[in-house]
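Coordinate inspection notes
The chain contents come next:
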Amino acid sequence: MNVNEYVVVENIDQAYQLFNQNKKNQIIAGGAWLKLSVKEVNKLISLDDLSLNYIKTNDKSVEIGALTSLREVEMNDVVNEIDHGILSTAISQIMGVSIRNLATIGGSIMGRFSFSDIIPVLLVLDCQLYFHNRGEMTINEFITSKGLDRDILTYIKINKSTGQSYFKKISHTALDFSMLNVAITFDGSFRIAIGSQPGMAMLCEQTMAFLNQQNDISEDVIEQAVSIALTELKLSSNIRASKAYREVLAKTYIKRGLRQVIK
Ligand SMILES: Cc1cc2nc3c(=O)[nH]c(=O)nc-3n(C[C@H](O)[C@H](O)[C@H](O)COP(=O)(O)OP(=O)(O)OC[C@H]3O[C@@H](n4cnc5c(N)ncnc54)[C@H](O)[C@@H]3O)c2cc1C
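Residues numbered from 1 in each chain as written. Predicted model: local features only at pLDDT ≥ 70, side-chain atom pairs only at ≥ 80, totals over all residues. Heavy atoms only, no water.

Notes on the overall build of the chain
Looking only at helices and strands, the chain has 12 helices and 12 strands in total. Taking 263 residues into account, the globule formula puts the C-alpha radius of gyration at 18 Å, and the chain, at 19 Å, falls close to it. Dimensions of the chain, computed from the C-alpha atoms along their principal axes, are close to 60 × 45 × 30 Å. Put simply, the chain has 263 residues, and 49% of those count as buried. By sequence separation, contacts in the chain at least 24 residues apart represent 60% of the contacts at least 6 residues apart. Carbon together with sulfur atoms contributes 47% to the accessible area of the chain, which is approximately 12,500 Å² in total. (Helix = DSSP H or I, 4+ residues; strand = E, 2+ residues; numbered from the N terminus. Rg over C-alpha atoms; globule rule 2.2 N^0.38 Å. Buried < 20%, exposed > 50% of the residue type's maximum accessible area, 1.4 Å probe, protein only. Contact = heavy atoms within 4.5 Å. Areas by Shrake-Rupley, 256 points an atom, 1.4 Å probe, with all protein chains shown as cover.)

A few points about helix α10 (residues 205-212)
Regarding α10, the residues found buried are Thr207, Met208, Phe210 and Leu211. All buried residues of α10 project into a common sector of 160° when viewed along the axis, lining one side. Of the surrounding secondary structure, the elements contacted by the buried residues of α10 are β11 (190-195), β12 (202-203), α11 (219-232) and α12 (243-261). (Arc of directions from axis to C-beta.)

Describing the domain arrangement of the chain
Here the chain is described as being made up of domain 1 (2-50), domain 2 (55-159) and domain 3 (164-261). Contacts between the two partners involve 16 residues from domain 1 and, on the opposite side, 14 residues from domain 2. Buried area between domain 1 and domain 2, summed over both chains or domains, comes out near 1,300 Å², and the portion from carbon and sulfur atoms is 71%. Taken together, the links from domain 1 to domain 2 amount to zero salt bridges. For the pair domain 1 and domain 2, the number of links is six residue pairs in polar contact (both at pLDDT 80 or more). If one sorts the elements of the side of domain 1 that touches domain 2 by residue count, helix α1 (residues 12-21) sits on top with six residues. (Domains from an automatic or database assignment. Buried area = accessible area lost by both parts, 1.4 Å probe. Salt bridge = Lys/Arg side-chain N within 4 Å of Asp/Glu carboxyl O. Polar contact = N/O pair within 3.5 Å; in protein donor to acceptor, adjacent residues only side chain to side chain.)

Details of the packing of α10 against α11
Relative placement of two packed helices is described by the angle separating their axes and the distance separating the axes. Viewed as axis vectors pointing N to C, α10 and α11 meet at an angle of 160°, and their least axial separation amounts to 8 Å. By the angle between their axes, α10 is roughly antiparallel relative to α11. In the crossing of α10 with α11, the sense of the turn from one axis to the other is right-handed. Across from Glu205, Gln206, Thr207, Phe210 and Leu211 in α10, the residues of α11 making contact are Val221, Gln224, Ala225, Ile228, Ala229 and Glu232. Grouping the constituent residues of the contact of α10 with α11 by class yields six nonpolar, three polar and two charged. (Axes fitted to C-alpha atoms, helices over the stretch in contact; angles between N-to-C directions. Parallel < 35°, antiparallel > 145°, perpendicular 65-115°, else oblique. Left-handed = near helix turned anticlockwise from the far one by under 90°. Nonpolar A, V, L, I, M, F, W, Y, C, P; charged D, E, K, R; others polar.)

As for the sheet that holds strand β1 (residues 2-8)
One open sheet holds the three strands; their spatial order is β1-β3-β2, and the pairing between them is parallel. Strand pairing shows two members of the sheet lacking a second neighbour, β1 and β2 (26-28), which therefore form its edges. The mean inter-strand angle of the sheet, taken between neighbouring strand axes irrespective of direction, is 30°. Relative to strand β3 (residues 40-46), β2 runs parallel, the two sharing three bridges. When the bridges of β3 are listed, Ile28 appears paired with Ser46. Of the strands in this sheet, β1, β2 and β3 are in contact with α1, which crosses β3 at around 170°. (Pairing = 2+ DSSP bridges.)

What follows is the structure, given as structure tokens:
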């Protein structure tokens, strides 16, 4: 990466102004991904002096500053209690500790990575994002909207819940990106998200609506739910897996996940 100027900003307004001055100005968080991907940067804007590295908790929620490392999120006791630690479980399967010490929660969201193991999990938690300019929005609004890439994420908030959860990353090797990932939570109602389709993760809205109107989750209901999921998912092929293989994975792991969360 070639950088003309490195700027450590003093406040978030300055960061936002600089970021929007020139398409070649770029925010850097942990830099783990950015340094591998971007070639030419005019001004590289560091948020390091803005105190965005924190985890604050109260009775109802956890607030995580955008610059908090994945490792800090993974190891946090309160995060570990939310829906049986599904976020910590997913983070713990990303590369090694050295990358997780560098990479941040903000960079993991703003990168909008279609291979992300974190976005599907945030989709099944009760998670809000807080942007400097746009203010509050849900993670689902963020990934389904366009034109938000020049805003700055300041923190995320996850409402506490003690439901059951299931996360499965299916990859060729432990350090590879997912061929598919499945995140499910259940606290009286179901939330299901699938990532690495290989396109962007999505909530299975129709499947959730079907399950959430059932009184009894029998094997037959689970079979029907999986059929609905397969019609609404946007599975396709890439170098990691074919569409047909992803369909088999989705069927298998959605079923296993549903059985696990209703135990
Ligand atoms: C080798 C490698 C393997 C990986 N494997 C996986 C994997 O298997 N699964 C997985 O889920 N993830 C994986 N990741 C991604 C990783 O978990 C992080 O999501 C990634 O490194 C981005 O975080 P970062 O802090 O490094 O962000 P950066 O690289 O600093 O930034 C990423 C992008 O987000 C923007 N950005 C960062 N912070 C903000 C902010 N606060 N506001 C606005 N824009 C912002 C930057 O401008 C940039 O465009 C991998 C990363 C690497 C380097």
